[in-house]
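Coordinates in review
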Amino acid sequence: MEVIYFMMHAKSNNKILITGGYGYIGSHTIVALHTVGYEVIVVDNLSNSTKKIGKNLEIICKKTHKLYEINILNFDELLNCFIKEKPAAVIHFAGLKAVEESVKNPLLYYQNNIQGTINLLDIMGKVDCNNIIFSSSATVYGNPSEMPINEKHILNAINPYGSTKIFCEKIIDDWVKVNKKRSSTILRYFNPIGAHESYLIGDNPNSVPNNLMPYIVSVANGTSEKVSIFGDDYPTKDGTGIRDYIHVMDLAEAHVLAILNDQRGRSRVYNLGTGKGISVLELIKTFEIENKVKVKYTVSSRREGDAAEVYADVKLVKNQLNWSANRTLKEMCKSAWSFGKNL
Ligand code: NAD
Ligand code: UDP
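Per chain, residues are indexed from 1 in the order of the written sequence. The naming scheme follows written order: chains are lettered A onward, ligands numbered 1 onward. The model is predicted, so local features are restricted to residues of pLDDT at least 70 and side-chain atom pairs to those at 80 or more, both for listing and for counting; the totals for chains, interfaces and linings are taken over all residues. Hydrogens and waters are ignored; side-chain quantities use all the structure's heavy atoms.

The helix and strand labels rest on DSSP assignments: H or I over at least four residues marks a helix, E over at least two residues marks a strand, and numbering proceeds from the N terminus. Counting its regular elements, the protein chain contains twelve helices and 13 strands. Referenced to the eigenvectors of the C-alpha coordinate spread, the extents of the protein chain come out at roughly 55 × 45 × 40 Å. Per-residue burial over the protein chain gives 53% buried out of 343 residues. Between two residues, a contact is recorded if the distance between any of their heavy atoms is within 4.5 Å. Long-range contacts, defined as pairs at least 24 residues apart, comprise 80% of the intrachain contacts of the protein chain with a sequence gap of at least 6. A 1.4 Å probe and the Shrake-Rupley method give the accessible areas. Residues count as covered only by the protein chains that appear here. Here the protein chain displays about 15500 Å² of accessible surface, and carbon together with sulfur accounts for 51% of that area. None of His or the chain ends enter the tally, which takes Lys and Arg as positive and Asp and Glu as negative. In this description, the location of a charge corresponds to atom NZ of lysine, CZ of arginine, CG of aspartate or CD of glutamate. Charge separation in the protein chain, taken as the distance between the mean sites of 40 positive and 35 negative side-chain charges, equals 4 Å. Between buried and exposed lies partly exposed: a residue is buried under 20% and exposed over 50% of the maximum accessible area for its type, with that area taken using a 1.4 Å probe on protein chains only.

Another point: the packing of aromatic side chains. Under the pairing criterion, centres of Phe, Tyr and Trp rings, with the six-membered ring standing for Trp, must be within 6.5 Å; the plane angle then separates stacked pairs below 30 degrees from edge-to-face pairs above 60, leaving the rest tilted. Evaluated as defined, the whole model comprises three aromatic pairs. Note on Tyr-110 and Phe-167: the rings are 6.3 Å apart at their centroids and 55 degrees apart in plane angle, and the pair reads as tilted. Of the two residues, Tyr-110 is situated in helix α6 (residues 106–126) and Phe-167 in helix α7 (residues 160–177); the sequence distance between them amounts to 57 residues. Note on Tyr-110: relative accessible area 26%, which makes it partly exposed. By relative accessible area, which is 43% here, Phe-167 ends up partly exposed. Plain terms: the ring middles of Phe-287 and Trp-337 are 5.8 Å apart, the flat faces sit at 70 degrees to each other, and that makes the pair edge-to-face. Note that Phe-287 is positioned in helix α10 (residues 280–291) and Trp-337 in helix α12 (residues 329–340), a separation of 50 residues in sequence.

The next thing to look at is the packing of helix α2 (residues 24–35) against helix α9 (residues 248–260). Axis definition: a line fit to C-alpha positions, over the contact stretch in the case of helices; interaxial angles, taken between N-to-C directions, run 0 to 180 degrees. For the pair α2 and α9, the least separation of the axes is 8 Å and the interaxial angle reads 60 degrees. Classified by the angle their axes make, α2 and α9 are oblique. Classified by chirality, the crossing of α9 by α2 is right-handed. Each of Tyr-24, Ile-25, His-28, Thr-29, Ala-32 and Leu-33 in α2 lies in contact with α9, whose residues at this interface are Val-248, Met-249, Leu-251, Ala-252, Glu-253, His-255 and Val-256. Residue classes follow a fixed rule: Ala, Val, Leu, Ile, Met, Phe, Trp, Tyr, Cys and Pro count as nonpolar, while Asp, Glu, Lys and Arg count as charged, and any other residue, Gly among them, counts as polar. Within the contact of α2 with α9, the residues separate by chemical class into nine nonpolar, three polar and one charged. An angle below 35 degrees is treated as roughly parallel, one above 145 as roughly antiparallel, one from 65 to 115 as roughly perpendicular, and anything else as oblique. Handedness of a helix crossing follows the sense of rotation of the near helix relative to the far helix, less than a right angle counterclockwise being left-handed and clockwise being right-handed.

Moving on, we get to the site of ligand 2. Throughout this document, a residue counts as near a molecule or strand when at least one of its heavy atoms sits within 4 Å of that molecule or strand. As a structural note, the neighbourhood of ligand 2 is formed by 13 residues, with Leu-212, Ser-228, Phe-230, Arg-243 and Asp-306 the closest of them. For the purposes of these results, a polar contact is taken to be a pair of N or O atoms within 3.5 Å, where, inside protein, one atom must be able to donate a hydrogen and its partner to accept one; residues adjacent in sequence count only when each atom of the pair is a side-chain atom. Ser-228 has a polar backbone atom sitting 2.7 Å from a nitrogen atom of ligand 2. Against a free-state accessible area of 510 Å², the protein chains account for coverage of 86% of ligand 2. Of the residues belonging to the shell around ligand 2, the class tally is five nonpolar, five polar and three charged.

Here we take up the packing of α2 against helix α3 (residues 52–61). The geometry of α2 relative to α3 is characterised by a closest axis approach of 11 Å and an angle of 25 degrees between their N-to-C directions. One way to sum up the angle between α2 and α3 is to call them roughly parallel. For the crossing formed where α2 meets α3, the hand is right-handed. Side by side, α2 and α3 meet where Ser-27, Ile-30, Val-31 and His-34 of the first sit next to Ile-53, Leu-57, Ile-60 and Cys-61 of the second. Of the residues contributing to the contact of α2 with α3, the split by class is six nonpolar, two polar and no charged.

Bringing the nonpolar core into the picture now. Nonpolar cores are built from buried Ala, Val, Leu, Ile, Met, Phe, Trp, Tyr and Cys residues. Side-chain atoms within 4.5 Å join them into one set. Counting residues in hydrophobic clusters, the biggest one holds 41 residues, and the most contacted among them are Ile-16, Ile-18, Leu-33, Tyr-38, Ile-91, Leu-272 and Trp-323. Among the elements that line this core, the one with the most residues is α9, at ten residues. Each residue touching Ile-18, except ones within four places of it in the same chain, is listed here: Ile-30, Leu-33, Val-40, Ile-41, Val-42, Val-43, Ile-91 and Phe-93. Core analysis: the next-biggest nonpolar cluster, separate from the first, contains 25 residues, Phe-82, Val-90, Met-124 and Trp-175 among them.

With respect to the helices and strands, the residue Lys-97 is situated in the loop between β4 (89–92) and α5 (99–104). Residue Lys-97 is classed as partly exposed on the basis of its relative accessible area of 41%. In this structure, Lys-97 is in contact with Asn-48, Tyr-109, Tyr-161 and Asp-203, ignoring residues within four places of it in sequence.

Turning to α9, a few remarks are in order. The span one expects for a helix is its residue count, reduced by one, times 1.5 Å. For α9, which comprises 13 residues, the first-to-last C-alpha distance of 19 Å matches the rise-based estimate of 18 Å (1.5 Å per residue) to within 8%. Judged by how many residues are buried, α9 sits mostly within the fold: 13 of 13 residues are covered.

Before going further, it helps to spend a moment on the side chain of His-247. In this fold, His-247 is placed in strand β10 (residues 245–247). Among residues more than four places away in sequence, those in contact with His-247 are Ile-193, Ala-195, Arg-327, Glu-331, Met-332 and Ser-335.

Turning next to the site of ligand 1. In the neighbourhood of ligand 1, 26 residues make up the surrounding shell, with Asp-44, Asn-48, Ser-49, Lys-97 and Tyr-161 lying closest. At 3.0 Å from a nitrogen atom of ligand 1 is found a main-chain nitrogen or oxygen belonging to Ile-72. Contact distances for ligand 1 include 2.8 Å between an oxygen atom and a backbone N or O atom of Phe-93. The fraction of the free accessible surface of ligand 1 (820 Å²) that becomes covered by protein chains is 96%. In terms of residue class, the shell around ligand 1 is made up of eleven nonpolar, twelve polar and three charged.

With that out of the way, let us pick up the confidence of the model for the protein chain. Regions with low pLDDT should not have their predicted coordinates read in detail. With 97% of its residues at a pLDDT of at least 70, the protein chain reaches an overall mean of 95. One number per residue, pLDDT, summarises how confident the predictor is, and it ranges from 0 to 100. Counting interchain partners and residues more than four positions distant, the pLDDT-below-50 stretch residues 2–10 has eleven contacts.

Listed below in structure tokens is the structure:
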């Protein structure tokens, strides 16, 4: 990222409120925002993060970012925070994200993710804060009918978590339409992995990981026994599932561009991925070679609802925000392990 370019373009009210800022992607985005001179306010209830992240961000940024330990479902506390801080924009990461849990407890997901977003927008309207960047997901495309997936692909969530993302996208879109001063950027993440080069922040869920990369790390560091590869009979190059893995710092930097290129009155939607498909086996092998560690695995049956391959068409975000991912799969694997080996 061209630091000087961004510093020159940093806007006058440079205070950004980050919900879920102590989480995996939020913490990396704080570093990216700090690098270009933004002031960051964090709102997080620490349901999937800890205060230690704040200490580590302080070491990386050499600066303290104010934390409001608030549940976004608590309207009054959130409103008071906005009245006090008067942020110029919001990046909304706070949400629950475990697909299986969302199937077992859908109301928890609808309550936290959708009601939380409604509270946030309502409050933003009250305090005249008009720009929101929202963390959406490739999961909104369901089982995609064509590859690579572009932003016009039909939305078809196949689990409650995915449904919350579709509903939130729509609610945000309608909120923007009410007032010409408002704007939104919906960012549909593909598969973020890896860690910041300090290795002080990374993907460290409070419970057993569901996603592939944190699971690989937990096997490599001895916390889990072996990776179950969910199916090797897909119509793919080696039979295992294909995904679009993207370095979390590339992803973080896209948020900075979304803020800098805000266009009043507009709702924008972008895929964030590399545009390249990588199989489960390729990821495990690259991890082993780069880090010189063994990752035990076994092949089990397919996971319900998994698509054979999912990778992004990333032309739109390249054309409109001049953003593309440039860190390699090797860098993703190396940084994931440098962060995860001591967990
Ligand atoms: P994360 O769980 O690491 O971070 C989310 C943070 O939000 C946590 O710190 C948690 O404590 C906080 N939070 C949750 N509910 C809250 C509430 N009601 N009030 C206040 N704070 C709350 O998750 P992440 O991986 O950083 O994901 C961030 C966002 O990106 C989520 O919305 C997620 O759905 C979305 N996303 C993530 C991925 C991924 O693979 N990590 C992929 C696509 C989309
Ligand atoms: N996967 C796997 N074993 C695991 C976790 C995931 O084989 O323990 C596979 C999964 O089937 C998919 C890929 O790894 O093909 C990425 O899965 P993940 O849950 O990380 O992301 P998503 O399914 O949301 O793309």
